[in-house]
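Now for the letters of each chain:
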Amino acid sequence: MRKFTLAILAVIAAFGTALSQDGVHLKDTVLRLNDSVAELMIQAKLDPGVMLFSTHKTNAEDAFISAFTPDSSITKYIVPGEDLTEEGKLEALKDSNLGAELHYFKDSVTFSVRLHIPASESATIKGVFTWLGKSGDNFPSGEQEILLPLKKGSGPVVAGMAVGQKTNDQSAAGTPAHTSMLKIFWLGLLFGLVAVFTPCVFPLIPVTVSFFLKRSKSRAEGIRNALSYSISIILIYTIPTFVLTKIFGDSVMYTIATSAVANLIFFAIFVIFAISFFGGFELTLPSSWATKADAKASKGGMIGTFFMALTLVIVSFSCTGPFIGSLLPQVATANSAAAGISAVMGILGLSVGLAIPFSLFAFFPSMLHALPKSGGWLNSVKVVFGFIELAMAMKFLSMVDLIYGWHLLDREIFLALWIVLALLTGFYLLGKLKFSHDSDLKFISIPRLFFAICFLTFGMYLIPGMWGAPLKTMSGLLPPPSTQDFDLNQLQYKLEDIGTSGAVASSKDNLQATPPKLYIDRLHMPLGLTAYFDLQEGMAAAKALHKPVMLDFTGHSCTNCRKMENEVWSNPDVLKRLKHDFVIISLYTDEKTALPPDQVYTSRSGKVIADVGSKNLDYEQSAFGLISQPLYMFLDLEGKPLSEERYGYDPDIQKFIHHLDQVKANFDKQ
């Protein structure tokens, strides 16, 4: 067991080393030392055999160096003569092939530069760290863009917010990102535990546990074999996910969430899974895979146990595949640069949920007698999952519909489909519907009755949404209210503006500022709010009205954006502030409208920016260092941040009101 575990850990370490960023791992932070001085630190950890060149030149012709280039906005804080310092073991090597003496670091090094920033000032630390290394005969290199907010205040304060890396340490709303990943893990664990009660997995539990206990010479050996079996299941699911996220990068999950093609593929997959669950056909991986894995499993020992687990994973794919498919899009909609890690955490949770029963019943074999016997109820579970898969398929198709503006699944059509599916599921559980492979239902069991009540209640709950009821608990899953033709709820906001002082103010505002023109045929705001969908157009309106700007980075596929709009923005106190105190610029990061030819450009990363969504996303990443939605940033009339806080999804209404008041006060002071 110990050797097997060590071997697996060695494999994981090998994958991590092979797929790392050329063996150089950078982390940047800014630390306030006292009331007048802060320090920027760039920490580098190096893999074995990798050298990182020093930033100091030994002679004028020395080309083998790393370098930090501060942005012009922070050069005023750097005192001439206070060069970048290096903390680490500096080594020297004469390279006859290069004809030069190389100065480098191994293991780790910290580069630091002092910034004379008074505690009464806030600042955004910008710059680029260009590094050069040596690994064997190769010279890996790269750039780290620095974008770190330093807030006002005295005492030691640490901030870390580098482009493409911040979300590993801190989320957009200031909440630790590990909290989000923990939620993904628990969601995966729940999916795994539910997947246990499917016809592909449940019948194998007593058979497998009994096999280990009977084959083993002692109960302790049987428990060890069952534990090895469970660990193997976890590794089989987790290691490939880890490798894929390393190959394609963390941002691949964000790309999946906003890609119309990816969402169409998910729609098709979920429809296929639903038909399979309804009994249309059996969806399995190639039988040769299971045959080969089963042949290896017969050899016994740790290797045999591993291949027994692999056989289970292969033969149970028709039942577990939909749960994996349901989990990954949930990870993708996090819209975070750390979504790759979240994907690993989600699959880890799912595999743990699948593996737990095999170890649990090995520890307590007497509990096997308490398990319900396999039967027709397992098929009923599959059919119910089929209805759920079909409902989720509609969600993915809705994403594509919103991105391209087809209006095939507007809110009322989407709700009608979900209502029908929920009611059909309830009727099926009550025995009013029957599929060809269903067993005869002589009576309704108590659990079945309660599940039927849940589905029927859910369907009834959705019905008022057909006339515009907010359905706040479902706001993240439903299409936005702006897609609904008949909406009584939105009517109240129009009526509120008639005959109120707010309407007078709006009329005066319209005389001073040009109303929004760009993209209003495709993009709309909820709650009767007026917003601009182009940065330049919105900034011009803000200057005309002399109001601060609220940047709303959002997206058609952003579930948390819809939650914020329906649960937080709809609050009367919040809505009043948004209407009268700010100019809202809503920037959709997945809007596919093409840019005019004269606006197409190439980003700093070399990507051609040719549509509105890519332009907004590039602006969000370059200006604020995030690729996360929702993100609310507040600007003055010159486009400078009124607050360094990256405010993201947070359902706390009072916190959002306080933040709005704070940035408005900062604007008024200017």
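All figures in this text were calculated on a predicted structure; none of them were measured in a lab. (Residues numbered from 1 in each chain as written. Predicted model: local features only at pLDDT ≥ 70, side-chain atom pairs only at ≥ 80, totals over all residues. Heavy atoms only, no water.)

Let's shift gears to the sheet that holds strand 12 (residues 531-532). The strand order across the open sheet formed by 4 strands is 12-14-13-17, and the pairing between neighbours is mixed. Bordering the open sheet on either side are strand 12 and strand 17 (631-635), each of which pairs with just one other strand. Inspection of the sheet shows strand 12 paired to strand 14 (residues 583-588) by 2 bridges, in the parallel sense. Opposite Tyr532, over in strand 14, you have Ile585 as the bridge partner. Sitting on the sheet, helix 17 (residues 559-569) touches strand 13 (549-554), strand 14 and strand 17, and the angle it makes with strand 13 is about 135°. (Pairing = 2+ DSSP bridges. Helix = DSSP H or I, 4+ residues; strand = E, 2+ residues; numbered from the N terminus. Contact = heavy atoms within 4.5 Å. Axes fitted to C-alpha atoms, helices over the stretch in contact; angles between N-to-C directions.)

Note on aromatic pairs: each is described by the distance of the centres and the angle between the planes. For the structure shown, the criterion picks out 20 aromatic pairs. Ring geometry for Phe414 against Trp418: centres 4.9 Å apart, planes inclined by 40°, an arrangement best described as tilted. With a gap of 4 residues between them, Phe414 and Trp418 both fall in helix 12 (residues 411-429), about one helical turn apart. On the accessibility criterion, Phe414 (0% relative accessible area) is buried. Each ring, one from Tyr428 and one from Phe435, has its centre 5.8 Å from the other, and the planes form 65°; the classification is edge-to-face. Accessibility expressed as a relative area gives 1% for Tyr428, which makes it buried. According to the relative accessible area criterion, Phe435 is partly exposed, its value standing at 23%. Among the aromatic residues, those joined into a cluster by ring pairs are Phe278, Phe387, Tyr428 and Phe435. (Phe/Tyr/Trp six-rings, centres within 6.5 Å; stacked < 30°, edge-to-face > 60°. Buried < 20%, exposed > 50% of the residue type's maximum accessible area, 1.4 Å probe, protein only.)

Let's shift gears to the nonpolar core. Across soluble globular proteins, nonpolar side chains have a tendency to be buried as a group. In this structure, Leu551, Trp569 and Phe656 are the most contacted members of the largest nonpolar core, which totals 48 residues. Apart from residues lying up to four places away in sequence, Trp569 is in contact with Met525, Leu527, Leu529, Met550, Asp552, Met564, Val574, Leu575, Leu578, Tyr632 and Phe656. Formed by 28 residues, the second largest nonpolar core is a distinct cluster that contains Val30, Ala38, Ile78 and Leu148. (Core = buried A, V, L, I, M, F, W, Y, C linked by side-chain atoms within 4.5 Å.)

Function cannot be inferred from these measures alone, as they are strictly geometric.
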